[in-house]
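The lines below spell out each chain.
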Amino acid sequence: QIAVEAAAANAVAAALSAANRSVSLYGCSRSGKIAVFASATAAGDHAGLAYARVLADSPGTLVASARQVQRCAEPFGAVVSRWPGWLGANASAMRDVRAWPANVDAGDLVLGACVAGTRYAFSSSVDDLWNNARGLRVTVAAARAAGCAVDHVEADGQQHCDLFG
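Residues numbered from 1 in each chain as written. Predicted model: local features only at pLDDT ≥ 70, side-chain atom pairs only at ≥ 80, totals over all residues. Heavy atoms only, no water.

A. Representation of the packing of aromatic side chains in the model. A full pass over the atoms with the stated rule returns 2 aromatic pairs. Ring geometry for Y26 against F164: centres 6.5 Å apart, planes inclined by 70°, an arrangement best described as edge-to-face. Within this pair, whereas Y26 is found in strand β1 (residues 24-28), its partner F164 is found in the segment after β4 (150-155), the two being separated by 138 residues in sequence. With relative accessibility at 45%, the residue Y26 sits in the partly exposed group. (Phe/Tyr/Trp six-rings, centres within 6.5 Å; stacked < 30°, edge-to-face > 60°. Helix = DSSP H or I, 4+ residues; strand = E, 2+ residues; numbered from the N terminus. Buried < 20%, exposed > 50% of the residue type's maximum accessible area, 1.4 Å probe, protein only.)

B. Representation of the pattern of salt bridges in the model. All chains considered together, the criterion is met by 4 salt bridges. Between R53 and D151 there is a salt bridge; the shortest N-O distance is 3.0 Å. Here R53, found in strand β2 (residues 53-57), pairs with D151, found in strand β4; they are 98 residues apart in sequence, far enough to count as distant. Accessibility expressed as a relative area gives 23% for R53, which makes it partly exposed. Among the residues examined, D151 registers a relative accessible area of 28% and is labelled partly exposed. R119 is the partner of D151 in a salt bridge, and the nearest nitrogen-oxygen pair spans 3.1 Å. Within this pair, whereas D151 is found in strand β4, its partner R119 is found in strand β3 (residues 119-125), the two being separated by 32 residues in sequence. Linked through salt bridges whose partners overlap, the residues forming this network are R53, R119 and D151. (Salt bridge = Lys/Arg side-chain N within 4 Å of Asp/Glu carboxyl O.)

C. The arrangement of the packing of helix α1 (residues 2-18) against helix α2 (residues 30-45) in detail. Following both chains from N to C, one finds α1 and α2 inclined at 60°, their axes separated by 8 Å at the closest point. Judged by the inter-axis angle, α1 sits oblique to α2. The chirality of how α1 crosses α2 is right-handed. On the side of α1, the interface is formed by I2, A3, E5, A6, A7, A9 and N10, while α2 contributes R30, K33, I34, F37, A38, T41, A42 and D45. A per-class count over the contact of α1 with α2 returns 9 nonpolar, 2 polar and 4 charged. (Axes fitted to C-alpha atoms, helices over the stretch in contact; angles between N-to-C directions. Parallel < 35°, antiparallel > 145°, perpendicular 65-115°, else oblique. Left-handed = near helix turned anticlockwise from the far one by under 90°. Contact = heavy atoms within 4.5 Å. Nonpolar A, V, L, I, M, F, W, Y, C, P; charged D, E, K, R; others polar.)

D. Examining the sheet that holds β1 more closely. Read across the open sheet, the 4 strands follow the order β1-β2-β3-β4; overall the sheet is parallel. Edge strands, defined here as strands with exactly one partner in the open sheet, are β1 and β4. Adjacent strand axes in the sheet meet at a mean angle of 10° when their direction is disregarded. Taken together, the 6 bridges between β3 and β4 define a ladder with parallel strand orientation. In the sheet register, F122 faces β4, and the bridge partner there is H152. With respect to the sheet, α2 is in contact with β1, β2 and β3, its orientation differing from that of β1 by roughly 150°. (Pairing = 2+ DSSP bridges.)

E. Quick peek at α2. Along α2, the sharpest kink reaches roughly 35°, centred on S39. Within α2, burial applies to G32, K33, I34, A35, V36, F37, A38, S39, A40, T41 and A42. (Bend = angle between axes of the 7 residues up to and from the residue.)

F. Examining the environment of G48 more closely. Tracing the backbone shows G48 in the loop between α2 and β2. Of the residues examined, G48 reaches a relative accessible area of 74% and is grouped as exposed.

G. Inspection of the nonpolar core at higher detail. Counting 27 residues, the largest nonpolar core has L25, A38, Y51, V54, Y120, F122 and V150 as its most contacted members. Secondary-structure elements contributing two or more residues to this core are α1, α2, β2, α5 (106-115), β3 and α6 (133-145). It is α2 that contributes the most residues to this core, 6 residues altogether. (Core = buried A, V, L, I, M, F, W, Y, C linked by side-chain atoms within 4.5 Å.)

And the structure:
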């Protein structure tokens, strides 16, 4: 489950951060969604927590901002309807995303986390059917326009993951 694993990552990051350690996250495919979700909810789970860097390798359509990409993106409401167990309430007492406003999506969360200092790197392949390359480009452009430090690796073909080299 994305929410449960993200909460676990945030708990570990909070412990390391308390020991003055800089913490980064990496995830591929579904775990890329976890990395993005963890970084975006870190401050809500643990006051003041921000990841130094998040590398989301082929994180799928979750990162494509629905507000900007429209129907080819994956807002949280769609994730909850298709895969309710992925983002359900969990033992960390994190706010259940099903209660969030319907128009909140990953693009909003990425912007919030990067304002707190998290630097992002995203990857995707142009023809990877598990990703939305066009939507990810729009999300990256919006984040950069807002002043966020975002790297983007886009490969030709259909490769899924292992794109950072």
